[in-house]
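Structural features, examined
In case you want the letters, here they are:
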Amino acid sequence: MPYSIAIDGPAGAGKSTIARAVAKELGYVYIDTGAMYRAVGLYVLKKKIELSDEKKIVEALPLLDISLSYDDEGVQHVLLNGEDVSSAIRTERVSEAASVVSQYKAVREKLVALQQALAKRTSVVMDGRDIASKVLPDADTKIYLTASVEERARRRARELQEKGEPCNIKAVEKDIEERDYRDMHRAQSPLVRVEDAVLVDSSDLTIDETIDRILDIAMKR
Ligand code: DC
């Protein structure tokens, strides 16, 4: 039987870094569900469909094939109609588009079905917002990974500085708070901590400590 670890949490909590490392350690497949919503966002932008035009987006869904592949290092690549869009989905514009299209019920239904099919085939570490609440309610291990707004803003500011982009820490904090609010209050699959998810607060933990904490929790199940 495949084993599954669900990691949910707000933006900037370090979910993908941590989930990828946990998967590598255990020899499971890492599934970044945010990347799938980003691929839908990218498609909508490319086709110049208005992000607010839910009807048109839903009509386009059957034309949209999203799949994942893994290179020799186990790094996930996202394919949109056969084209590798792994880098193209990492822009602010696509991030905004993903945030809008992920609110549409039909978009979620399509991607959730795909995610569930993947987890049936193989052991996975899956990260997102609705993994424990919706995609894999029977996951063997459920983690709610978070960090304080201040710490998440500091990490984001560091990333921006490394890229040479100027940033204002207060503005970054405000963005994070707004995104948290949107994720937690949307009608479709809002971000929630399910009752049986173990809370891991990474505010005062290093990446390695966070990975070890989650591996410990997974081993004890
Ligand atoms: O984690 P991320 O920033 O790559 O996610 C991109 C967007 O997709 C973000 O607005 C939240 C949304 N998302 C979602 O609604 N459900 C998921 N399981 C994963 C991401």
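It should be noted that the structure appears before, not after, this text.
An account of the accompanying structure is given in this report. (Residues numbered from 1 in each chain as written. Predicted model: local features only at pLDDT ≥ 70, side-chain atom pairs only at ≥ 80, totals over all residues. Heavy atoms only, no water.)

1. Overview of the layout of surface pockets
If you add up the space inside the second largest pocket, you get close to 320 Å³. Lining the second largest pocket are 13 residues, with Ser4, Ala119, Lys120, Leu136 and Asp138 sitting closest to its centre. It is helix α5 (residues 105-121) that provides the largest number of residues to the lining of the second largest pocket, a total of three residues. For the lining of the second largest pocket, the class distribution of residues is eight nonpolar, two polar and three charged. (1 Å grid on protein atoms, 1.4 Å probe; cavity = no way out; pocket = protein on both sides within 12 Å on 5 of 7 lines; lining within 4 Å. Points joined across faces, edges and corners; volume = space filled by probe spheres on them. Helix = DSSP H or I, 4+ residues; strand = E, 2+ residues; numbered from the N terminus. Nonpolar A, V, L, I, M, F, W, Y, C, P; charged D, E, K, R; others polar.)

2. Some details on α5
For α5, built from 17 residues, the straight-helix expectation of 24 Å at 1.5 Å per residue is met to within 8% by its first-to-last C-alpha distance of 25 Å. Those residues of α5 lying buried are Val107, Arg108, Leu111, Val112, Gln115, Leu118 and Ala119. Looking straight down α5, one finds that the buried residues subtend no more than 120° of arc, so they occupy a single side. Every exposed residue of α5 that faces more than 90 degrees away from the buried side is listed here: Lys120 and Arg121. (Expected span 1.5 Å × (residues − 1). Buried < 20%, exposed > 50% of the residue type's maximum accessible area, 1.4 Å probe, protein only. Arc of directions from axis to C-beta.)

3. Regarding the pattern of salt bridges
Counted by the stated rule, this structure contains 15 salt bridges. Here Arg129 ties to Asp183 by a salt bridge, and the two come within 2.9 Å at their closest N and O atoms. Placement of Arg129 in the loop between β6 (124-128) and α6 (131-135) and of Asp183 in helix α8 (residues 169-185) is noted, with a sequence separation of 54 residues between them. For the residue pair Arg129 and Asp183, the accessibility class agrees, reading buried in each case. Taken together, the shared-partner salt bridges connect Glu92, Arg156 and Glu159 into one network. (Salt bridge = Lys/Arg side-chain N within 4 Å of Asp/Glu carboxyl O.)

4. Some points on the site of the ligand
The environment of the ligand is made up of 13 residues, and the closest members are Arg38, Arg108, Asp130, Arg179 and Arg186. Contacts to the ligand include Arg38, whose side-chain N or O atom sits 2.7 Å from an oxygen atom. With respect to the ligand, the side chain of Arg186 contributes an N or O atom lying 2.9 Å from an oxygen atom. Protein chains shield 93% of the accessible area of the ligand, which is 450 Å² for the free molecule. For the shell around the ligand, the leading source of residues is helix α2 (residues 33-46), giving four residues. Within the shell around the ligand, the residues separate by chemical class into two nonpolar, five polar and six charged. (Near = heavy atom within 4 Å. Polar contact = N/O pair within 3.5 Å; in protein donor to acceptor, adjacent residues only side chain to side chain. Areas by Shrake-Rupley, 256 points an atom, 1.4 Å probe, with all protein chains shown as cover.)

5. A few points about unusual backbone geometry
The residue Asn81 is not glycine, and still its phi comes out positive at about 45°. The class for Asn81 is partly exposed, based on a relative accessible area of 41%.

6. Details of the side chain of Arg152
In this fold, Arg152 is placed in helix α7 (residues 149-162). Excluding anything up to four places from it in sequence, Arg152 contacts Pro10, Ala11, Gly12, Ala13, Ala147, Ile176 and Asp180. (Contact = heavy atoms within 4.5 Å.)

7. Topic: α7
With 14 residues, α7 should reach 20 Å at 1.5 Å per residue; the first-to-last C-alpha distance of 20 Å fits that figure. Listing the buried residues of α7 in full gives Val149, Glu151, Arg152, Ala153, Arg155, Ala157 and Leu160. Looking at the buried side of α7, the elements it contacts are α8. Looking at the residues trailing α7, positive phi occurs at Gly164, about 80°.

8. As for the nonpolar core
One recurring pattern in soluble globular proteins: nonpolar side chains tend to sit buried together. If you look at the biggest cluster of nonpolar residues, it comprises 43 residues, and the most contacted ones within it are Val40, Ile66, Val78, Val107, Met126 and Leu136. Counting only elements with at least two residues in this core, the list comes to α2, α3 (54-60), β3 (66-70), β4 (76-80), α4 (92-101), α5, β6 and α6. In terms of residues, this core owes the most to one element, α2, which gives nine residues. Apart from residues lying up to four places away in sequence, Leu136 is in contact with Ser4, Ala119, Val124, Met126, Ile131 and Lys142. (Core = buried A, V, L, I, M, F, W, Y, C linked by side-chain atoms within 4.5 Å.)

9. Points about the packing of α2 against α4
Any two packed helices are characterised by the angle at which their axes cross and by the distance between the axes. Where α2 contacts α4, the two axes come as close as 7 Å, and the packing angle between them is 105°. It follows from the interaxial angle that α2 and α4 lie roughly perpendicular. Taken together, the residues of α4 that come into contact with α2 (itself represented by Tyr37, Arg38, Val40, Gly41, Leu42, Val44 and Leu45) are Arg93, Val94, Ser95, Ala97, Ala98 and Val101. In terms of residue class, the contact of α2 with α4 is made up of nine nonpolar, two polar and two charged. (Axes fitted to C-alpha atoms, helices over the stretch in contact; angles between N-to-C directions. Parallel < 35°, antiparallel > 145°, perpendicular 65-115°, else oblique.)

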